[in-house]
Amino acid sequence: MKFRYKVLFTNLILLSLGLGLVGYLMIHKNFELAKQTQLKNAIVQNNLVQSSVEYELLQLLNSVSDNSETSNNNTDNNNAEKSSISASSIVAQLPQIGSRVSSSVRSRDSFFYIYFDGEKVYTDDKSDAGISDTLFKNLTTGNKNYVIKEESQKHYIYVTSQSVIDEKNLWIVSKCDASEAYTLLDEQINYFRLIIIVILIAESAAMYFISRYMTKPLEKLNHVSEEIAQGDYATRVNVKSHDEIGLLAQKFNIMAQAVSDHVDELNDMVHRREQFVADFTHEIKTPMTSIIGYADTMRSLELPREEQMMALGYIFSEGKRLESMSQKLFELIYLRRHDIEKARVHMADLCAEVVKVVEPAYENRHLTIETEIEDAVLTVNRELLVTALVNMMDNARKASEEGQQVEVTGKFVDNMACNIRKDKTDIGEDESADDRKCTRAYEICIIDHGIGMTKEQAERICDEFYMADKSRARKEGGAGIGMSLVAIILEHHNAVLSVESEPGCGTTMRILLPW
């Protein structure tokens, strides 16, 4: 089930329960008020009947008393005779009294019963469905009992009151129609059902569109996630809300970008590995072809001593190139998998050692080296940094023509100007204020005035087996791995390499080492 339907049905259920509870309480309250009103009217009716009956009985007693012979000296026998006459008169007169009261005080849809000494003596209710005995239980003078009873699809309120005449109980039971309260209850229930149906229909339509609008960003997220799962890593979610869904969309886009970058890195890594294997195979094939060809010639033919020496020279030089290439490959693989140890080193001594190493090769090409080194003590790996600088100096030598000059400088520069960061940060971590502090760095520049490179060639200078001028590089014994080794060594030192070059104008390679 879709999320929007869950929201819709949840709201409908909660609204139905809320409206049902409120409606029940209101209808129940109105019904109780209407029933209490009917009960009060029934009590008033009962009081009216009781008062009328008692008044008629009082008139009867007064009439009997006036017609009897009286004397100033009445005896007990005369008193007993009077009491006897009063009781019999009451029993005989109660039906007539009830008839007179019924014609004078009875209202529409109301009836009453008269009981004397437990016997029913009068009623104007033609239906006379019978009266429950509970009306007479625990009944005392001045109090009333009542019950509500359903008869012929109508509801009646029975109210009982008690009077005592000649030590005998006179019960007046009034019966009033209370169907109005129950009819009102049914009408309110039916009206409430109609209202709640209309409200739920309207609320369903409104909540459907609201939930659809609110869950539309989630549908976009789902659609984009499906496209990403199918390999379209460039797809992004376009959600501009500022709520939790908008924040989720932003985080999703950040995650998608990270995944896309990671996939690009993996693809680039695969491509680089494939290119590495292809280049490595090609670089091995070239010297091996020369070695096998010259060795086969020497094995198959009787060559003069001079030609033999020339063939052996080719074999030796190609073998040395293979040896150099294998050594650099080993160093390259080792540095990618291991950390390095560092120590405090004087840069003036280190640069002097580099010049001393490359000086014989420079003299063979009639090249001069101009140095201007400001001494500093840095924490580096001396052997690896010497290897990196020797490779860079060797590249400068290969790019230079005979008689040219290569310049080597070392000095302190402003770290902020060089955009060097002292510590590496994780992917996605913002640069802190400490990273932006203006500290100093040590800059080593190697400048030649040789053939130079294009911008595209300069950008690929650190790729494995990449050579800007392959014929010139192979002639000089290069394998295209030296600058890759330089890049990894500088990465271990948290240093930055920049290359500035123009064809025919030379190349400037700049190393920035944090201090």
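That block above? That's the structure.
These numbers were taken from a predicted model, which means no experiment stands behind them.

Visitor: Explain the pattern of salt bridges here, please?
Guide: Oppositely charged side chains may form a pair once their charged atoms are brought near each other. Applying the stated criterion to the full structure yields 11 salt bridges. Between Glu151 and Lys175 there is a salt bridge, with its nearest N and O atoms 2.9 Å apart. Remark: Lys175 occurs in strand S5 (residues 168-177) and Glu151 occurs in strand S3 (residues 144-151); sequence separation between them is 24 residues. For the pair Glu151 and Lys175, one class covers both residues: buried. The shortest N-O distance in the salt bridge between Asp296 and Arg299 comes to 2.7 Å. Of the two residues, Asp296 and Arg299 are both situated in helix H4 (residues 244-300); the distance of 3 residues between them amounts to about one turn of the helix. Here Asp296 falls in the partly exposed class, since its relative accessible area comes to 35%.

Visitor: Could you clarify how one ought to interpret the packing of aromatic side chains in this entry?
Guide: Aromatic rings in a pair are described by how distant their centres are and how their planes are angled relative to each other. Applying the stated criterion to the full structure yields 7 aromatic pairs. Note on Tyr208 and Phe209: the rings are 5.5 Å apart at their centroids and 80° apart in plane angle, and the pair reads as edge-to-face. Look at Phe209 and you get exposed, because its relative accessible area is 56%. Counting every residue linked through ring pairs, the aromatic cluster contains Tyr5, Tyr208 and Phe209.

Visitor: Quick question: what am I supposed to make of a negative patch on the surface here?
Guide: A cluster of like negative charges, contributed by Asp261, Asp264, Glu265 and Asp268, occupies part of the molecular surface. Mapped onto the elements of the fold, Asp268 is located in helix H4. Overall, Asp268 belongs to the partly exposed group, its relative accessible area being 39%.

Visitor: Explanation requested: the pairing of strand S11 (residues 496-502) in the structure shown.
Guide: Bridge count between S11 and strand S12 (residues 506-514): 7 bridges; the pairing is antiparallel. Bridging across to S12, Leu497 finds its partner in Ile511. Counting the residues in the hairpin turn of S11 and S12 gives 3 residues, including Gly504, whose phi is positive at 85°.

Visitor: Got a minute to help me understand the sheet that holds S11 in this structure?
Guide: Whether parallel or antiparallel, the strands of a sheet pair through hydrogen bonds between backbone atoms. Pairing is mixed across the open sheet formed by 5 strands, whose spatial order is S7-S9-S10-S12-S11. Only two strands of the sheet have a single neighbouring strand rather than two, namely strand S7 (368-373) and S11. For this sheet, the mean angle separating the axes of adjacent strands, direction not counted, is 15°. Across 8 bridges, the pairing between strand S9 (residues 405-414) and strand S10 (residues 440-448) is antiparallel. Opposite Val408, over in S10, you have Ile446 as the bridge partner. Strands in contact with helix H7 (residues 382-399) are S7, S9, S10, S11 and S12; relative to S10, the strand with the most contacts, it is inclined by about 30°.

What counts as what
- Each chain has its residues counted from 1, following the order in which its sequence is written.
- Two thresholds apply to this predicted model, a pLDDT of at least 70 for residue-level local features and 80 or more for giving and counting side-chain atom pairs, whereas whole-chain, interface and lining totals are computed over all residues.
- The basis for the side-chain values is all heavy atoms of the structure; hydrogens and waters are excluded.
- A side-chain nitrogen of Lys or Arg and a carboxyl oxygen of Asp or Glu constitute a salt bridge if their distance falls within 4 Å.
- A run of DSSP states H or I qualifies as a helix once it reaches four residues; a run of E qualifies as a strand once it reaches two. Both are numbered from the N-terminal end.
- Burial status follows relative accessibility: with a 1.4 Å probe on protein chains alone, a residue under 20% of its type maximum counts as buried, one over 50% as exposed, and anything between as partly exposed.
- Geometry of aromatic contacts follows a simple scheme: Phe, Tyr and Trp rings, the Trp one being its six-membered ring, pair when their centres are within 6.5 Å, and the pair is stacked under 30 degrees between planes, edge-to-face over 60, tilted otherwise.
- Patches in this entry comprise residues that are over 30% relatively accessible and not in a salt bridge; like charges within 9 Å are linked, as are nonpolar side chains (Val, Leu, Ile, Met, Phe, Trp, Tyr) within 5 Å.
- Per-residue accessibility takes into account occlusion by the displayed protein chains alone, with areas from the Shrake-Rupley method and a 1.4 Å probe.
- In this charge count, Lys and Arg are treated as positive and Asp and Glu as negative; neither His nor the chain ends contribute.
- Here the site of a charge means NZ on Lys, CZ on Arg, CG on Asp, or CD on Glu.
- Note on pairing: two strands pair once DSSP finds at least 2 bridges between them.
- Interaxial angle, 0 to 180 degrees, is taken between N-to-C directions of lines fitted to C-alpha atoms, where a helix line uses only the stretch in contact.
- Contacts between residues were defined by any pair of non-hydrogen atoms, one from each residue, lying within 4.5 Å.

All quantities given are derived from atomic positions and should not be read as evidence of function.
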